[in-house]
Every structure is written in C-alpha cells, then in structure tokens.
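Read off the chains here:
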Amino acid sequence: MKLDDDGKTVSAADILVPKIGEIIGGSQREHRKDVLIERCIESGLDPKHVWWYIDLRRYGTVPHAGFGLGFERLILFVTGLDNIRDVIPFPRWGGNAEF
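Residues numbered from 1 in each chain as written. Predicted model: local features only at pLDDT ≥ 70, side-chain atom pairs only at ≥ 80, totals over all residues. Heavy atoms only, no water.

> It is not clear to me how the packing of aromatic side chains should be interpreted in this structure. Could you clarify?
The description of an aromatic ring pair rests on the distance of the ring centres and on the angle between the ring planes. One pass over the full model with this rule turns up one aromatic pair. With 5.7 Å between their ring centres and 80° between their planes, Trp52 and Tyr53 make a pair best called edge-to-face. Here Trp52 falls in the partly exposed class, since its relative accessible area comes to 48%. Among the residues examined, Tyr53 registers a relative accessible area of 29% and is labelled partly exposed. Over the ring of Tyr53 we find Arg57, and its NZ or CZ is 4.4 Å from the ring centre. (Phe/Tyr/Trp six-rings, centres within 6.5 Å; stacked < 30°, edge-to-face > 60°. Buried < 20%, exposed > 50% of the residue type's maximum accessible area, 1.4 Å probe, protein only. Lys NZ or Arg CZ within 6 Å of the ring centre and 35° of its normal.)

Spelled out as structure tokens, the structure:
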C-alpha cells in the first residue's frame, strides 16, 4: 500500500457491512522504488528477495490502485443468511481434501 505523505496513513478504503465485515477492500499501490526499498528494510524483508517486484519500477510507473471483492461475503449480504458457510459453493474443512 502507498504510504501517504504524512507517514502515518495509507491510501486505502474498505466497505464494511454490519454482521459481515469487509466486503470490498482497495488500496493504492506503492509506485516509488525508493520507498519500496525503505519499507522492505523496515519490515525486515531483504529487498533482494523481491528484486523482481522492485525492478518493475526501474523506469518508473504511474500511480495505480486495485480492489478485491469477497464474493461469498457479497452473496451472504444479498441473501441475508447468517453464516458464510451456507453460501460457499465449494466448502472446505479440515480433513476433506483427498490427496
């Protein structure tokens, strides 16, 4: 996420719904190479491990953003059901994977 100029906040937003939580989350990506390297070091991540991601900014990039929609949570909201397990099309639980 892009760290704002105040150094305390990020450029992000979430759409929250009562009883469900976050349905949509979005943020602006960090496009400044030097800031990416600084944030890696602050987080304890060696920038060499993500060289390919940092290299994408070698010639610069435009500010860009994206979002993610929780489809099951959206269906839960639309249908008014109480439990997300009731709307998951392919349920998963411990021990049901056949390998």
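> Looking at this model, I keep getting lost on the sheet that holds strand β2 (residues 21-28). Mind explaining?
Spatial ordering of the open sheet is given by β1-β2-β3, a layout of three strands whose pairing is antiparallel. This sheet does not close on itself; its edge strands, each paired only once, are β1 (12-17) and β3 (65-69). With direction set aside, neighbouring strand axes in the sheet form an average angle of 10°. Packed onto the sheet, helix α3 (residues 71-79) meets β1, β2 and β3 and runs at close to 135° relative to β2. (Pairing = 2+ DSSP bridges. Helix = DSSP H or I, 4+ residues; strand = E, 2+ residues; numbered from the N terminus. Axes fitted to C-alpha atoms, helices over the stretch in contact; angles between N-to-C directions. Contact = heavy atoms within 4.5 Å.)

> When you look at the side chain of His31 in this model, what are you seeing that I'm missing?
Looking at where His31 falls in the secondary structure, it is placed in the loop between β2 and α1 (33-43). By relative accessible area, His31 is classed as buried at 16%. Each residue touching His31, except ones within four places of it in the same chain, is listed here: Lys2, Arg57, Thr61, Val62 and Pro63.

> In this structure, what is going on with the side chain of Ser27? I would like to understand it.
Mapping Ser27 onto the fold places it in strand β2. We classify Ser27 as buried; its relative accessible area is 15%.

From the geometry alone we can't say anything about function, so treat these as descriptive.
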